[in-house]
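Examining the three-dimensional arrangement
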Amino acid sequence: MTKSQVLAGPLADLGDSLIATLTRWGSNGLEAALVLIVVSTLVTRVSLKAGIGALIGLVVALGIYHSRFDLADLFEDEVKNPAKSAPAFAPTHQPLPGARVIGEDL
């Protein structure tokens, strides 16, 4: 019984290490796949316009991917504390008294 308690720590570290390795591989694999998509778009279309579009898509996708934790925190805060957020519609001005509003029935 003592041996299983001694082995529990190293086995947990092995599992954490394996998960961390797979996470790094997945992250690097995603970036490599996006770069391959840009290169294949450039090669197949032979168009500067398509290349620029694919490059902009790459920048946007990587930007969203790298800020995923910040975006998740913002979304979670918005869901948990909706009263603290900005209103969905904020009128910029009030109509003058006696003014007719377009679409209002007479």
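Cut-off values and rules
- Residue numbers restart at each chain and count upward from 1, following the sequence in its written direction.
- Predicted model: local features are reported for residues with pLDDT of at least 70 only, side-chain atom pairs are reported and counted for 80 or more only, and whole-chain, interface and lining totals are derived from all residues.
- Side-chain metrics in this entry use all non-hydrogen atoms of the structure; hydrogen atoms and water are not considered.
- For this document, the term salt bridge refers to a Lys or Arg side-chain nitrogen within 4 Å of an Asp or Glu carboxyl oxygen.
- Where helices and strands are cited, they refer to DSSP runs of H or I of at least four residues and of E of at least two residues respectively, numbered from the N terminus.
- Only protein chains enter the accessibility calculation, which uses a 1.4 Å probe. A residue is then buried if its area is under 20% of the maximum for its type, exposed if over 50%, and partly exposed in between.
- By this rule the span expected of a helix is its residue count minus one, scaled by 1.5 Å.
- In this description, the arc belongs to the directions extending from the helix axis to the C-beta atoms.
- Polar contacts, as counted here, are pairs of nitrogen or oxygen atoms within 3.5 Å of one another; within protein the pair requires one atom able to donate a hydrogen and one able to accept it, and residues that are adjacent in sequence qualify only if both atoms are side-chain atoms.
- By nonpolar core we mean a set of buried residues, namely Ala, Val, Leu, Ile, Met, Phe, Trp, Tyr and Cys, connected to one another through side-chain atoms within 4.5 Å.

Moving on: the pattern of salt bridges. All told, the structure shown has 1 salt bridge when counted by the stated rule. A salt bridge links Glu76 to Lys80, with the shortest nitrogen-to-oxygen separation between them at 2.8 Å. Separated by 4 residues within a single helix, Glu76 and Lys80 lie in helix H3 (residues 68-80), roughly one turn from each other. Taking the relative accessible area as the measure of exposure, Glu76 reaches 38% and is therefore partly exposed.

Turning to the environment of Leu34, a few remarks are in order. Along the chain, the position of Leu34 falls in helix H1 (residues 2-45). Put simply, Leu34 and Leu62 are 28 residues apart on the chain and 8.5 Å apart in space, counted from C-alpha to C-alpha.

Below, the discussion takes up helix H2 (residues 48-66). Taking 1.5 Å of rise per residue, the 19 residues of H2 would be expected to cover 27 Å, and the 27 Å separating its terminal C-alpha atoms lies within 8% of that figure. Listed in full, the buried residues belonging to H2 are Ala50, Gly51, Ala54, Leu58, Leu62 and Tyr65. Considered in projection along H2, the buried side chains sweep an arc of 100° and stay on one side of the axis. Along H2, the residues that are exposed and aim more than 90 degrees away from the buried face are Leu48, Lys49, Ile56, Val59 and Ile64. At the N-terminal end of H2, a side-chain oxygen is found 3.3 Å from the backbone nitrogen of Lys49, two or three residues along, and the residue is Ser47.

Bringing the nonpolar core into the picture now. Among the nonpolar cores identified, the biggest contains 5 residues, and these are Leu34, Val38, Ala54, Leu58 and Leu62. Secondary structure elements with two or more residues in this core: H1 and H2. Ranked by the residues each element gives to this core, the list is headed by H2, at 3 residues.

So, on to the environment of Ser27. Structurally, the position occupied by Ser27 is in helix H1. Taking C-alpha positions, Ser27 is 9.6 Å from His66, a pair spaced 39 residues apart along the chain. There is a polar contact of 3.3 Å between the side chain of Ser27 and the side chain of Tyr65.

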